[in-house]
Amino acid sequence: ACGAPLSYVPLCAHVLRRRRQVARRKRRDALVASTLGTIGGGHNIGVLSSFALICNNITGPGLVSIPPLIAQSGIVTPLATFAVVMCVSSLAGTMLAEAMRHLPKNSLLRERVEFLNVAQFYFGRRSPAYWITVVLFVLSLTALNVAQIVISAQVVDYALVAIDRTCGLQFGPASVRFTCPTSLPAGDVTPFTGAFAAVSLGYFVVMLAALPLSYMNLDDNKHVQNASFCVLVLITIMWCALSLWVYGFDAAHGEQAHASLVPFGSNQAQVLGVVMFNYVFVTSLPSWVSEKRPHVSVNRIVWGSALFSTLQYLLLGLLAGGAFAFPEGDDLLSVIDSSTAVRAAGVFGTAARITVFLFPPVALVTSIPVFSVIARYNLLSSGLIKRSWIANLVAIGLPWIMALAFYAGSGLVTVVNFSSVLFQGVINYIVPIIFYLLSLQHNANRARRADYEQWQLQQEAAATA
């Protein structure tokens with residue numbers, strides 16, 4: 001080896017170190033390969049189901065929070081933030097898929113590879129970077145599911161109050177009592193005023209709807225996701241049409257609710273956190289890629305669904321954000337239900353108010369099981385947890401327990417803003433790009449080793465000739 005060309009001198013000088021690296025790489029590859037194909041469903045998710053799944057992950061509860069965000073923050077900042085976050089998240093998703101291609105026997109993306117399997121391969125199981133990734137991944141999915149559960153339970157409780165009443169066990173500063181509120185206080189997101197935690201009827205309704213789906217595989221949820229996507233699109237179209245009708249109603253009655261739309265609003269603090277929280281679908285991509293059909297294009301689905309969801313957000317946000325007046329703490333559902341213009345719309349207004357009660361099970365409840373399934377996949381496939389019942393307890397049970405503490409009060413807003421920037425931003429936007437860069441280095445090293453081995457064969461052939 002000492003007679004090698006100058007370009008190979010560093011390799012000749014570190015043969016022993018290279019051999020140790022090769023041995024470690026083979027052990028790491030064997031560890032990753034041993035987990036592939038043992039978790040989850042088969043390749044049964046087609047193009048339409050893939051599109052619906054990613055769109056549902058992006059939209060969901062965010063649809064009702066974007067109109068008041070645009071009404072309070074103005075037009076320019078939310079639009080620019082949506083454009084940037086959409087591009088960055090889509091680019092990170094496609095980079096993550098490319099990094100997955102370079103795992104053992106996965107060039108065609110037909111093996112089961114989860115997010116933490118990718119981290120194991122590129123960081124190494126003993127690396128501090130891997131364990132930091134594990135912590136951020138678990139915290140991000142847990143925070144996301146907690147927020148989904150809390151928002152879903154609050155909306156269901158609101159719907160129950162609008163029909164008649166809801167009931168629950170309310171934990172106050174100095175007492176615990178059972179109460180059945182019949183109205184929603186102005187400016188509050190929950191009927192349980194003064195409570196720092198509550199176990200409500202809405203919480204149990206959401207649990208009964210979401211838990212069975214959480215124990216299924218991702219491909220088993222595709223029919224529910226397809227139905228949810230179709231109904232959600234119809235609801236969005238109805239809300240946009242309702243907003244246009246309200247514009248006409250205001251003009252006919254001399255009102256100008258739409259005048260509140262300005263280029264830059266007075267409250268810009270929550271724009272980045274709320275928008276980023278709606279685009280945290282990147283960590284779910286490996287699970288979907290592992291169960292999609294071979295002909296489904298990753299790039300087309302990721303960019304297409306992100307663009308469609310962004311247009312859906314902005315169209316509804318601009319129309320409804322200008323048509324309705326949003327008091328502090330109210331979202332689109334509460335405003336539609338209490339709007340005088342909507343009540344004056346006759347049958348059309350009644351149908352719009354029905355969508356207020358239809359939205360929670362369609363958009364919110366169906367998004368909770370997906371992240372529970374993905375968390376379970378990763379915990380089992382990475383070897384962090386060996387037993388399925390423990391993985392289910394962590395992935396499914398833990399978020400439901402934590403959600404009780406954030407049901408009442410402003411704690412949920414803090415969780416959303418804090419986790420969006422810290423957990424979700426790092427694990428969805430930064431870590432996938434690092435995986436991609438490491439995959440490029442991995443390919444370069446592999447090509448260099450192949451050249452060196454070919455040169456050795458040529459030297460041996462020349463010596464024996």
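Throughout this document, residue positions are counted from 1 along each chain, in the order its sequence is written. Thresholds applied to this predicted model are a pLDDT of at least 70 for local features of residues and 80 or more for the giving and counting of side-chain atom pairs; totals over whole chains, interfaces and linings are not thresholded and use all residues. Note that the side-chain values use all heavy atoms of the structure and ignore hydrogens as well as water.

Remarks on the overall build of the protein
Okay, so step 1: Runs of H or I in DSSP of at least four residues are treated as helices and runs of E of at least two as strands, each being numbered from the N terminus. Each helix and strand in the protein was counted, giving 18 helices and three strands.
Okay, so step 2: In the protein, once contacts between residues fewer than 6 apart in sequence are set aside, the share between residues at least 24 apart is 81%. By definition in these notes, contact holds between two residues if any of their heavy atoms fall within 4.5 Å.

Let's talk about helix α4 (residues 62-73)
Okay, so step 1: For a helix, the expected span equals 1.5 Å multiplied by the residue count minus one. Taking 1.5 Å per residue as the helical rise, α4 with its 12 residues ought to reach 16 Å, and the 16 Å between its terminal C-alpha atoms agrees with that figure.
Okay, so step 2: Only protein chains enter the accessibility calculation, which uses a 1.4 Å probe; a residue whose area is less than 20% of its type maximum is buried, one above 50% is exposed, and one in between is partly exposed. Those residues of α4 lying buried are G62, L63, V64, I66, P67, P68, L69, I70, A71 and S73.
Okay, so step 3: Positive backbone phi, at 90 degrees, marks G74, one or two positions downstream of α4.

Details of the sheet that holds strand β1 (residues 168-171)
Okay, so step 1: Pairing is antiparallel in the open sheet, where three strands are placed in the order β2-β1-β3. Each of the sheet's edge strands pairs with one partner strand only, and the pair in question is β2 (176-179) and β3 (197-200). Each strand of the sheet is rotated relative to its neighbour by a mean of 20 degrees, with strand direction disregarded.
Okay, so step 2: By the convention used here, strands pair only if DSSP detects at least 2 bridges between them. Pairing between β1 and β3: four bridges, direction antiparallel. Each bridged residue has a counterpart across the sheet, and for L169 the counterpart in β3 is V199. Angular values range over 0 to 180 degrees, each being the angle between N-to-C directions of two axes fitted as lines to C-alpha atoms, with helices fitted over their stretch in contact.

Considerations on the packing of helix α7 (residues 128-163) against helix α17 (residues 388-406)
Okay, so step 1: Close contact between α7 and α17 brings their axes to 8 Å; oriented N to C, the two are set at 55 degrees. Taken together, the axis directions place α7 and α17 in an arrangement best described as oblique. The handedness of the crossing between α7 and α17 is right-handed. Where α7 abuts α17, its residues T142, N145, V146, I149 and V150 lie against A395, P399, W400, M402, A403 and F406.
Okay, so step 2: Split by residue class, the contact of α7 with α17 holds nine nonpolar, two polar and no charged. By the definition adopted for this analysis, an angle is roughly parallel if under 35 degrees, roughly antiparallel if over 145, roughly perpendicular if from 65 to 115, and oblique otherwise. Crossing handedness is read from the near helix: turned anticlockwise from the far helix by less than a right angle, it gives a left-handed crossing, and turned clockwise, a right-handed one. When residues are grouped by polarity, Ala, Val, Leu, Ile, Met, Phe, Trp, Tyr, Cys and Pro land in nonpolar, Asp, Glu, Lys and Arg in charged, and all others, Gly among them, in polar.

Section: the environment of N117
Okay, so step 1: Its place among the elements puts N117 in helix α6 (residues 115-123).
Okay, so step 2: For N117 and P286, which are 169 residues apart along the polypeptide, the C-alpha to C-alpha distance reads 9.5 Å.

With respect to empty space enclosed by the protein
Okay, so step 1: Within this scheme a cavity is a closed region of a 1 Å grid, computed over the protein atoms alone, that accommodates a 1.4 Å probe without allowing it to escape, whereas a pocket is open but has protein on both sides within 12 Å along at least five of seven lines; lining residues each have an atom within 4 Å of a point. Grid points are joined across faces, edges and corners, and a volume is the space filled by probe spheres set on the points. Counted under the stated rule, the structure contains one cavity of 30 Å³ or more.
Okay, so step 2: Contributing to the lining of the largest cavity are F137, V138, L141, T142, N145, F371, A375, L379, V394, A395, L398 and P399.
Okay, so step 3: For the lining of the largest cavity, the secondary-structure elements that each account for two or more residues are α7, α16 (367-381) and α17.
Okay, so step 4: In terms of residues, the lining of the largest cavity owes the most to one element, α7, which gives five residues.
Okay, so step 5: For the lining of the largest cavity, the residue count by class is 10 nonpolar, two polar and no charged.

Some remarks on the nonpolar core
Okay, so step 1: Counting residues in each nonpolar core, the largest one holds 114 residues, and the members touching the most others are W239, Y279, W288, F324, L332, W400 and F435.
Okay, so step 2: Filtering out sequence-adjacent residues up to four positions away, F324 remains in contact with L242, S243, V246, L332, V335, I336, S339 and V342. The nonpolar core is taken to be a set of buried Ala, Val, Leu, Ile, Met, Phe, Trp, Tyr and Cys residues, with the residues joined through side-chain atoms within 4.5 Å.

As for the packing of aromatic side chains
Okay, so step 1: The aromatic pairing rule takes the rings of Phe, Tyr and Trp, using the six-membered ring of Trp, and pairs them if the centres are within 6.5 Å, calling planes under 30 degrees apart stacked, those over 60 edge-to-face and the rest tilted. Under the criterion given, the structure shown has 15 aromatic pairs.
Okay, so step 2: When the ring of F51 is compared with that of F308, the centres are 5.5 Å apart and the planes differ by 65 degrees; the resulting orientation is edge-to-face. Placement of the pair is F51 in helix α3 (residues 47-58) and F308 in helix α12 (residues 298-323), with a sequence separation of 257 residues.
Okay, so step 3: Using a relative accessible area of 30% as the deciding quantity, one classes F308 as partly exposed.

Concerning the state of the cysteines
Okay, so step 1: Any two cysteine sulfur atoms within 2.5 Å of one another count as a disulfide. Tallied over the entire structure, the rule returns one disulfide.
Okay, so step 2: Residue pairing for C167: its cysteine sulfur links by disulfide to C180, the two sulfurs lying 2.0 Å apart. Here the disulfide of C167 and C180 is right-handed, its torsion about the S-S bond being about 110 degrees. With a gap of 13 residues between them, C167 in the loop between α7 and β1 and C180 in the loop between β2 and β3 connect regions that are remote in the sequence.

A short note on the pattern of salt bridges
Okay, so step 1: Think of a salt bridge as a Lys or Arg side-chain nitrogen and an Asp or Glu carboxyl oxygen that are within 4 Å of each other. Taken as a whole and assessed by the stated rule, the structure comprises four salt bridges.
Okay, so step 2: When the shortest N-O distance is used, the salt bridge between R112 and E291 registers 2.5 Å. Of the two residues, R112 is situated in the loop between α5 (76-101) and α6 and E291 in helix α11 (residues 285-291); the sequence distance between them amounts to 179 residues.
Okay, so step 3: On the basis of relative accessibility, which here comes to 4%, the residue R112 falls in the buried class.
Okay, so step 4: As a salt-bridge pair, R165 and D164 come within 3.8 Å of each other at their nearest N and O atoms.
Okay, so step 5: Residue classification places R165 among the partly exposed residues on the basis of a relative accessible area of 42%.
Okay, so step 6: Each of R112, E114 and E291 takes part in one network of salt bridges that share partners.

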